[in-house]
Amino acid sequence: MAVGRSSSIVVIGYGNALRGDDAAGPRVAAAVARWRAPGVHAIAAQQLAPELAAPLAHARLALFIDASAGDATLRLTQLAPAPPSALGHTGGPGALLALAAAAYGACPPAWQIAVPASQFAIGARLSPRTRRGVAQALRMIRTLIAPD
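In short, a report on the structure.

Details of the sheet that holds strand β5 (residues 110–116)
Strand order in the open sheet made by the 5 strands is β2-β1-β3-β5-β4, with mixed pairing throughout. Strand pairing shows two members of the sheet lacking a second neighbour, β2 (40–45) and β4 (75–79), which therefore form its edges. With strand direction ignored, the average angle separating the axes of adjacent strands in the sheet is 20°. Sheet topology places strand β1 (residues 9–14) next to β2; 6 bridges connect them, and they run parallel. In the strand pairing of β2, I12 is matched with I43. Here helix α1 (residues 24–35) sits on the sheet and contacts β1, β2, β3 (61–68) and β5; the angle it forms with β2, its principal contact strand, is near 150°. Set on the sheet, helix α4 (residues 128–145) makes contact with β1, β2, β3, β4 and β5; between it and β5 the angle comes to about 160°.

Below is the structure:
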């Protein structure tokens, strides 16, 4: 069953809020939610779950934000639907996009914003580099969601 696209933009920030820099994604999503921007739906999640496929299928654009230990600077990458892992978990954003397409007949153009991270200890605060990355991600999102 194909679904109609809305004018919404879905921002999904994911990661463990209790593990230092891994909280970058949820913190970005929470900040975007506080903007109360029309047509922008921000979701903070500990992990990507199949339930997120429905809002994705109805969106005109999706942005995924996550901490990345392998990056020294903020990185923006275009995403494409990808098959889920062999373990049957939803996996990454690409698998979630594929699930939206398979279950609902649609998935939006999507981008991943990787925030540089290095500190993942339980109870740790965001490192200075990740705090800067969160601020950069928020500026990037403002630009990406700005009306034409």
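Once you've had a look at it, read on.
A closer look at α4
Compared with the 26 Å implied by 1.5 Å per residue over 18 residues, the 26 Å span of α4 between its first and last C-alpha is a close match. Taken together, the buried positions of α4 are T130, G133, V134, A137, L138, I141 and I145. Considered in projection along α4, the buried side chains sweep an arc of 145° and stay on one side of the axis. Facing away from the buried side of α4 by more than 90 degrees, the exposed set consists of R132, R139 and T143. In this structure, the buried side of α4 is in contact with β1, α1, β2, β3 and β5.

Rules of the game
- Residues numbered from 1 in each chain as written.
- Predicted model: local features only at pLDDT ≥ 70, side-chain atom pairs only at ≥ 80, totals over all residues.
- Heavy atoms only, no water.
- Pairing = 2+ DSSP bridges.
- Helix = DSSP H or I, 4+ residues; strand = E, 2+ residues; numbered from the N terminus.
- Axes fitted to C-alpha atoms, helices over the stretch in contact; angles between N-to-C directions.
- Contact = heavy atoms within 4.5 Å.
- Expected span 1.5 Å × (residues − 1).
- Buried < 20%, exposed > 50% of the residue type's maximum accessible area, 1.4 Å probe, protein only.
- Arc of directions from axis to C-beta.

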